[in-house]
Amino acid sequence: MTTSIDSSRYANLDITEQDHGVLLVTLNRAAKRNALDSATIEELVDFFTAAPRAGVRAIVLAGSGDHFCAGLDLVEHHREDRSPADFMHLCLRWHEAFNKMEYGGVPIIAALKGAVVGGGLELASAAHIRVMDNTTYFALPEGQRGLFTGGGATIRVTDLVGKARMIDMMLTGRVYQGTEAVNIGLAQYQTDGSSLDMALELAQKAAENLPLSNFAICSAVSHMRNMSAMDAAYAEAVVAGVVNTQPDARARLAAFADKSAARVRPNS
(Lines give C-alpha, C1' and ligand atoms only; values in the text may rest on other atoms or scores of the structure.)
Protein backbone atom coordinates (compact mmCIF):
# COMPACT_ATOMS: atom_id res chain seq x y z
CA MET A 1 0.00 0.00 0.00
CA THR A 2 1.41 3.37 -1.02
CA THR A 3 0.96 6.65 0.78
CA SER A 4 1.75 10.28 0.13
CA ILE A 5 3.69 12.86 2.10
CA ASP A 6 1.99 16.19 2.76
CA SER A 7 4.86 18.57 3.46
CA SER A 8 2.48 21.24 4.76
CA ARG A 9 1.82 19.08 7.84
CA TYR A 10 5.33 19.66 9.18
CA ALA A 11 6.30 22.77 11.11
CA ASN A 12 9.87 21.86 12.08
CA LEU A 13 10.82 19.95 8.94
CA ASP A 14 11.11 21.63 5.56
CA ILE A 15 10.55 18.99 2.86
CA THR A 16 11.33 19.65 -0.79
CA GLU A 17 11.29 17.26 -3.72
CA GLN A 18 14.43 16.89 -5.81
CA ASP A 19 14.99 14.93 -9.01
CA HIS A 20 14.51 11.16 -9.37
CA GLY A 21 12.48 10.61 -6.19
CA VAL A 22 14.97 12.25 -3.83
CA LEU A 23 13.58 14.29 -0.93
CA LEU A 24 15.52 16.98 0.92
CA VAL A 25 14.45 17.13 4.57
CA THR A 26 15.78 20.13 6.48
CA LEU A 27 15.56 20.65 10.24
CA ASN A 28 13.95 24.07 10.44
CA ARG A 29 14.84 25.47 13.87
CA ALA A 30 17.93 27.51 13.02
CA ALA A 31 17.43 29.89 15.95
CA LYS A 32 17.83 26.86 18.26
CA ARG A 33 20.71 25.38 16.24
CA ASN A 34 18.10 22.81 15.17
CA ALA A 35 17.89 21.35 18.67
CA LEU A 36 15.43 18.48 18.88
CA ASP A 37 12.34 19.28 20.90
CA SER A 38 9.54 16.76 21.41
CA ALA A 39 7.50 18.19 18.51
CA THR A 40 10.39 17.72 16.07
CA ILE A 41 10.85 14.12 17.20
CA GLU A 42 7.16 13.45 16.53
CA GLU A 43 7.53 14.92 13.04
CA LEU A 44 10.56 12.70 12.39
CA VAL A 45 8.59 9.63 13.51
CA ASP A 46 5.72 10.60 11.22
CA PHE A 47 7.88 11.37 8.19
CA PHE A 48 10.13 8.32 8.39
CA THR A 49 7.07 6.10 8.88
CA ALA A 50 5.57 7.40 5.64
CA ALA A 51 8.72 7.64 3.47
CA PRO A 52 9.23 3.93 2.68
CA ARG A 53 5.61 3.63 1.51
CA ALA A 54 5.61 6.86 -0.51
CA GLY A 55 7.97 5.81 -3.29
CA VAL A 56 10.84 7.89 -1.95
CA ARG A 57 14.09 6.71 -3.57
CA ALA A 58 16.56 8.52 -1.25
CA ILE A 59 16.55 11.21 1.43
CA VAL A 60 19.02 13.97 2.23
CA LEU A 61 18.78 15.16 5.83
CA ALA A 62 20.18 18.64 6.51
CA GLY A 63 19.96 21.49 9.00
CA SER A 64 18.97 25.10 8.36
CA GLY A 65 21.36 27.89 9.30
CA ASP A 66 24.95 27.23 10.34
CA HIS A 67 24.48 23.94 12.20
CA PHE A 68 23.16 20.45 11.55
CA CYS A 69 21.80 19.77 15.03
CA ALA A 70 22.89 20.72 18.55
CA GLY A 71 21.05 17.82 20.18
CA LEU A 72 18.33 17.70 22.80
CA ASP A 73 16.47 20.96 23.32
CA LEU A 74 17.82 21.57 26.82
CA VAL A 75 15.64 24.64 27.35
CA GLU A 76 12.49 22.58 26.78
CA HIS A 77 13.88 19.80 28.95
CA HIS A 78 14.58 22.22 31.80
CA ARG A 79 11.21 23.91 31.45
CA GLU A 80 9.23 20.65 31.35
CA ASP A 81 10.91 19.30 34.53
CA ARG A 82 10.09 15.78 33.39
CA SER A 83 9.69 12.79 35.66
CA PRO A 84 11.90 9.74 35.07
CA ALA A 85 8.97 7.97 33.39
CA ASP A 86 8.23 10.98 31.19
CA PHE A 87 11.81 11.18 29.98
CA MET A 88 11.99 7.44 29.43
CA HIS A 89 8.98 7.64 27.11
CA LEU A 90 10.51 10.63 25.29
CA CYS A 91 13.68 8.59 24.72
CA LEU A 92 11.59 5.75 23.33
CA ARG A 93 10.14 8.16 20.76
CA TRP A 94 13.70 9.18 19.78
CA HIS A 95 14.47 5.48 19.32
CA GLU A 96 11.29 5.09 17.27
CA ALA A 97 12.35 7.88 14.92
CA PHE A 98 15.95 6.75 14.55
CA ASN A 99 15.06 3.06 14.14
CA LYS A 100 12.69 4.00 11.33
CA MET A 101 15.59 5.82 9.70
CA GLU A 102 18.13 3.03 10.05
CA TYR A 103 15.84 0.09 9.29
CA GLY A 104 13.32 1.73 6.94
CA GLY A 105 15.04 0.67 3.74
CA VAL A 106 15.32 4.15 2.14
CA PRO A 107 18.90 5.49 1.77
CA ILE A 108 19.44 8.50 4.05
CA ILE A 109 22.41 10.79 3.51
CA ALA A 110 23.10 13.36 6.24
CA ALA A 111 24.60 16.68 5.12
CA LEU A 112 26.57 17.83 8.16
CA LYS A 113 27.83 21.29 9.07
CA GLY A 114 28.61 23.13 12.28
CA ALA A 115 27.44 21.39 15.44
CA VAL A 116 26.69 17.67 15.33
CA VAL A 117 26.46 17.37 19.07
CA GLY A 118 24.74 15.08 21.58
CA GLY A 119 21.37 14.08 20.17
CA GLY A 120 22.43 15.65 16.88
CA LEU A 121 25.15 13.02 16.60
CA GLU A 122 22.60 10.35 17.52
CA LEU A 123 20.40 11.61 14.68
CA ALA A 124 23.30 11.69 12.22
CA SER A 125 24.43 8.20 13.21
CA ALA A 126 21.02 6.82 12.21
CA ALA A 127 21.66 7.94 8.61
CA HIS A 128 23.35 5.52 6.25
CA ILE A 129 25.90 7.99 4.88
CA ARG A 130 27.30 11.11 6.55
CA VAL A 131 28.96 13.94 4.62
CA MET A 132 30.74 16.67 6.58
CA ASP A 133 32.09 20.04 5.52
CA ASN A 134 35.03 21.85 7.08
CA THR A 135 32.86 23.58 9.70
CA THR A 136 31.57 20.32 11.16
CA TYR A 137 32.42 19.22 14.67
CA PHE A 138 31.21 16.25 16.71
CA ALA A 139 30.83 15.95 20.47
CA LEU A 140 28.89 14.15 23.20
CA PRO A 141 28.87 16.67 26.10
CA GLU A 142 26.38 14.72 28.22
CA GLY A 143 28.86 14.22 31.06
CA GLN A 144 29.39 17.98 31.42
CA ARG A 145 25.61 18.60 31.37
CA GLY A 146 24.79 16.04 34.04
CA LEU A 147 23.06 13.86 31.46
CA PHE A 148 23.36 10.51 29.73
CA THR A 149 22.65 9.66 26.10
CA GLY A 150 19.08 8.56 25.45
CA GLY A 151 18.74 8.42 21.67
CA GLY A 152 20.94 5.49 20.73
CA ALA A 153 24.50 6.82 20.99
CA THR A 154 25.53 3.86 23.12
CA ILE A 155 24.50 1.70 20.17
CA ARG A 156 25.17 3.59 16.95
CA VAL A 157 28.00 5.96 17.89
CA THR A 158 29.79 3.14 19.70
CA ASP A 159 29.38 1.06 16.55
CA LEU A 160 31.01 3.86 14.55
CA VAL A 161 33.94 4.82 16.78
CA GLY A 162 34.32 2.00 19.32
CA LYS A 163 33.59 1.79 23.05
CA ALA A 164 36.76 3.51 24.27
CA ARG A 165 36.30 6.61 22.10
CA MET A 166 32.61 6.79 22.94
CA ILE A 167 33.32 6.78 26.68
CA ASP A 168 36.13 9.32 26.23
CA MET A 169 33.80 11.68 24.33
CA MET A 170 31.19 11.50 27.08
CA LEU A 171 33.61 11.77 30.01
CA THR A 172 35.80 14.58 28.72
CA GLY A 173 33.67 16.42 26.15
CA ARG A 174 36.27 15.67 23.49
CA VAL A 175 35.51 17.29 20.13
CA TYR A 176 36.32 15.63 16.81
CA GLN A 177 36.53 17.48 13.52
CA GLY A 178 38.29 17.44 10.17
CA THR A 179 40.17 14.42 8.89
CA GLU A 180 40.32 12.89 12.36
CA ALA A 181 36.51 12.66 12.45
CA VAL A 182 36.48 10.82 9.12
CA ASN A 183 39.31 8.52 10.15
CA ILE A 184 37.48 7.30 13.27
CA GLY A 185 34.21 6.75 11.38
CA LEU A 186 31.99 9.69 12.35
CA ALA A 187 31.59 10.59 8.66
CA GLN A 188 32.38 8.78 5.44
CA TYR A 189 33.01 11.90 3.36
CA GLN A 190 34.59 15.30 3.95
CA THR A 191 34.30 18.10 1.43
CA ASP A 192 35.95 21.50 1.12
CA GLY A 193 32.71 22.72 -0.46
CA SER A 194 29.07 22.24 0.45
CA SER A 195 28.15 19.07 2.31
CA LEU A 196 24.60 19.53 1.02
CA ASP A 197 25.73 19.53 -2.60
CA MET A 198 27.76 16.36 -2.08
CA ALA A 199 24.93 14.69 -0.14
CA LEU A 200 22.47 15.46 -2.95
CA GLU A 201 24.92 14.03 -5.49
CA LEU A 202 25.26 10.83 -3.47
CA ALA A 203 21.49 10.61 -3.01
CA GLN A 204 20.95 10.88 -6.76
CA LYS A 205 23.47 8.09 -7.29
CA ALA A 206 21.74 5.87 -4.71
CA ALA A 207 18.33 6.65 -6.23
CA GLU A 208 19.48 5.09 -9.51
CA ASN A 209 19.67 1.68 -7.81
CA LEU A 210 16.72 -0.68 -7.82
CA PRO A 211 14.49 0.03 -4.79
CA LEU A 212 14.57 -3.58 -3.60
CA SER A 213 18.38 -3.58 -3.63
CA ASN A 214 18.44 -0.34 -1.64
CA PHE A 215 15.88 -1.70 0.79
CA ALA A 216 18.09 -4.71 1.48
CA ILE A 217 21.25 -2.61 1.83
CA CYS A 218 19.60 -0.07 4.15
CA SER A 219 17.76 -2.53 6.38
CA ALA A 220 19.17 -6.04 6.16
CA VAL A 221 22.75 -5.07 7.00
CA SER A 222 21.63 -3.45 10.26
CA HIS A 223 19.40 -6.38 11.15
CA MET A 224 22.24 -8.82 10.48
CA ARG A 225 24.53 -6.88 12.79
CA ASN A 226 22.13 -7.79 15.60
CA MET A 227 22.35 -11.53 14.88
CA SER A 228 24.83 -14.24 15.63
CA ALA A 229 27.23 -15.00 12.79
CA MET A 230 25.36 -18.20 11.90
CA ASP A 231 21.96 -16.50 11.89
CA ALA A 232 23.33 -13.57 9.88
CA ALA A 233 24.78 -15.92 7.27
CA TYR A 234 21.41 -17.63 6.90
CA ALA A 235 19.55 -14.31 6.70
CA GLU A 236 22.04 -12.99 4.13
CA ALA A 237 21.46 -16.02 1.93
CA VAL A 238 17.68 -15.58 2.13
CA VAL A 239 17.86 -11.85 1.31
CA ALA A 240 20.28 -12.51 -1.56
CA GLY A 241 17.92 -15.17 -2.89
CA VAL A 242 15.12 -12.62 -3.11
CA VAL A 243 17.09 -9.58 -4.27
CA ASN A 244 19.42 -11.29 -6.73
CA THR A 245 16.57 -12.90 -8.67
CA GLN A 246 14.29 -9.84 -8.90
CA PRO A 247 12.88 -9.43 -12.42
CA ASP A 248 13.87 -5.73 -12.57
CA ALA A 249 17.53 -6.74 -12.33
CA ARG A 250 17.54 -8.80 -15.53
CA ALA A 251 18.10 -5.82 -17.83
CA ARG A 252 21.04 -4.70 -15.73
CA LEU A 253 22.51 -8.20 -15.73
CA ALA A 254 22.03 -8.41 -19.49
CA ALA A 255 23.88 -5.11 -19.92
CA PHE A 256 26.77 -6.51 -17.90
CA ALA A 257 26.79 -9.71 -19.93
CA ASP A 258 26.88 -7.90 -23.29
CA LYS A 259 29.51 -5.45 -21.99
CA SER A 260 27.31 -2.36 -22.46
CA ALA A 261 27.18 -1.60 -18.73
CA ALA A 262 29.73 0.64 -17.07
CA ARG A 263 32.62 -1.27 -15.52
CA VAL A 264 34.11 -0.64 -12.11
CA ARG A 265 37.38 1.25 -12.56
CA PRO A 266 40.01 2.60 -10.17
CA ASN A 267 39.65 6.22 -9.09
CA SER A 268 41.54 8.53 -11.41
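Residues numbered from 1 in each chain as written. Predicted model: local features only at pLDDT ≥ 70, side-chain atom pairs only at ≥ 80, totals over all residues. Heavy atoms only, no water.

**Q** So what's going on with the overall build of the protein? Residues and values would help.
**A** Looking only at helices and strands, the protein features 12 helices and nine strands. Taken against the 2.2 N^0.38 rule, which gives 18 Å for 268 residues, the C-alpha radius of gyration of the protein at 19 Å falls within 12% of a compact globule. Considering only C-alpha atoms, the protein reaches an extent of 65 × 40 × 40 Å along its principal axes. A total of 268 residues make up the protein; the buried ones form 44% of that total. Within the structure as shown, the protein displays about 14000 Å² of accessible surface, and the carbon and sulfur contribution to it stands at 54%. Both charge centroids of the protein, one from 24 positive and one from 30 negative side chains, sit 5 Å from each other. (Helix = DSSP H or I, 4+ residues; strand = E, 2+ residues; numbered from the N terminus. Rg over C-alpha atoms; globule rule 2.2 N^0.38 Å. Buried < 20%, exposed > 50% of the residue type's maximum accessible area, 1.4 Å probe, protein only. Areas by Shrake-Rupley, 256 points an atom, 1.4 Å probe, with all protein chains shown as cover. Lys, Arg positive; Asp, Glu negative; His and termini not counted. Charge placed at Lys NZ, Arg CZ, Asp CG, Glu CD.)

**Q** Any chance you could break down the pairing of strand 1 (residues 13-17) for me, citing the residues and the numbers?
**A** Both strand 1 and strand 2 (residues 22-27) contribute to a ladder of five bridges, which runs antiparallel. Within the sheet, the bridge partner assigned to aspartate 14 lies in strand 2 and is threonine 26. Counting the residues that bridge the hairpin from strand 1 to strand 2 gives four residues, and of these histidine 20 lies at a positive phi of roughly 60 degrees. (Pairing = 2+ DSSP bridges.)

**Q** Which residues make up the packing of helix 10 (residues 211-225) against helix 11 (residues 229-243), and what values do they have?
**A** Two numbers describe how helix 10 lies on helix 11: the axes approach to 11 Å, and their chain directions differ by 175 degrees. One way to sum up the angle between helix 10 and helix 11 is to call them roughly antiparallel. Seen from helix 10, the contacting residues are Leu212, Ser213, Ala216, Ala220 and Met224; seen from helix 11, they are Ala232, Ala235, Glu236, Val239, Val242 and Val243. Here the residues of the contact of helix 10 with helix 11 are counted per class, giving nine nonpolar, one polar and one charged. (Axes fitted to C-alpha atoms, helices over the stretch in contact; angles between N-to-C directions. Parallel < 35°, antiparallel > 145°, perpendicular 65-115°, else oblique. Contact = heavy atoms within 4.5 Å. Nonpolar A, V, L, I, M, F, W, Y, C, P; charged D, E, K, R; others polar.)

**Q** Tell me about unusual backbone geometry, and please be specific about residues and values.
**A** It is generally the case that most residues other than glycine have a negative phi and that most peptide bonds are trans. Despite not being glycine, asparagine 34 has its phi angle at roughly 60 degrees, a positive value. Along the polypeptide, asparagine 34 turns up in the loop between strand 2 and helix 1 (38-50). The phi dihedral of aspartate 81 falls on the positive side, at around 45 degrees, and the residue is not glycine. Within the element layout of this structure, aspartate 81 appears in the loop between helix 2 (74-80) and helix 3 (84-103). Residue aspartate 81 is classed as exposed on the basis of its relative accessible area of 66%.

**Q** Help me get a handle on the sheet that holds strand 8 (residues 176-177), residues and values and all.
**A** If you trace the three strands from one edge of the open sheet to the other, you get 5-7-8, paired in mixed fashion. Single-partner strands in this sheet number two, and they are strand 5 (115-117) and strand 8.

**Q** I'd like a description of the pairing of strand 4 (residues 108-112), backed by residues and values.
**A** Within strand 4, five of the five residues are buried, leaving the element largely enclosed by the surrounding structure. Burial of strand 4 is two-sided: the residues Ile108, Ala110 and Leu112 facing one way and the residues Ile109 and Ala111 facing the other way are all buried. The pairing of strand 3 (residues 58-63) with strand 4 spans three bridges and is parallel. When the sheet's bridge partners are listed, leucine 61 is paired in strand 4 with alanine 110.

**Q** Tell me what's going on with helix 10, and back it up with residues and numbers.
**A** Helix length check: helix 10, at 15 residues, gives a terminal C-alpha distance of 21 Å against a target of 21 Å (1.5 Å per residue), a fit within 8%. The largest bend in helix 10 comes to about 30 degrees, at serine 219. Turning to helix 10, its buried residues number three or more, namely Asn214, Ala216, Cys218, Ser219, Ala220, Ser222 and Met224. On its buried face, helix 10 is in contact with helix 3, helix 9 (195-207) and helix 11. (Expected span 1.5 Å × (residues − 1). Bend = angle between axes of the 7 residues up to and from the residue.)

**Q** Tell me about the nonpolar core, and name the residues and values.
**A** Core analysis: the largest hydrophobic core is formed by 48 residues, its most contacted members being Leu36, Phe47, Ile59, Phe68, Leu123 and Phe138. Counting residues in each nonpolar core, the second largest holds 13 residues, with Ala62, Ile109, Val131 and Ala203 among its members. (Core = buried A, V, L, I, M, F, W, Y, C linked by side-chain atoms within 4.5 Å.)

**Q** Just give me the short version of the sheet that holds strand 6 (residues 129-133), but keep the residues and values in it.
**A** Within the open sheet, the six strands sit side by side as 1-2-3-4-6-9. Their pairing is mixed. Because the sheet does not close on itself, it has two edges, and the strands there are strand 1 and strand 9 (189-191). Each strand axis lies, on average, 20 degrees off the axis of its neighbour in the sheet, ignoring direction. Sheet analysis places strand 2 next to strand 3, joined by six bridges and oriented parallel.

**Q** Account for the environment of arginine 9, naming residues and giving values.
**A** By the secondary structure assignment, arginine 9 is in the segment before strand 1. Judged by relative accessible area, arginine 9 falls into the exposed class, the value being 52%. Each C-alpha atom of the pair arginine 9 and aspartate 46 lies 9.9 Å from the other, and the pair is 37 residues apart in sequence.

**Q** Please give an account of the packing of helix 6 (residues 153-161) against helix 7 (residues 163-172) that cites residues and values.
**A** As a packed pair, helix 6 and helix 7 sit with axes 7 Å apart at the nearest point and diverge in direction by 120 degrees. The orientation of helix 6 relative to helix 7 falls into the category oblique. Here helix 6 runs over helix 7; the crossing is right-handed. Every residue of helix 7 that contacts helix 6 at Ala153, Thr154, Val157, Thr158 and Val161 is listed here: Lys163, Arg165 and Met166. The residue inventory of the contact of helix 6 with helix 7, partitioned by class, reads four nonpolar, two polar and two charged. (Left-handed = near helix turned anticlockwise from the far one by under 90°.)

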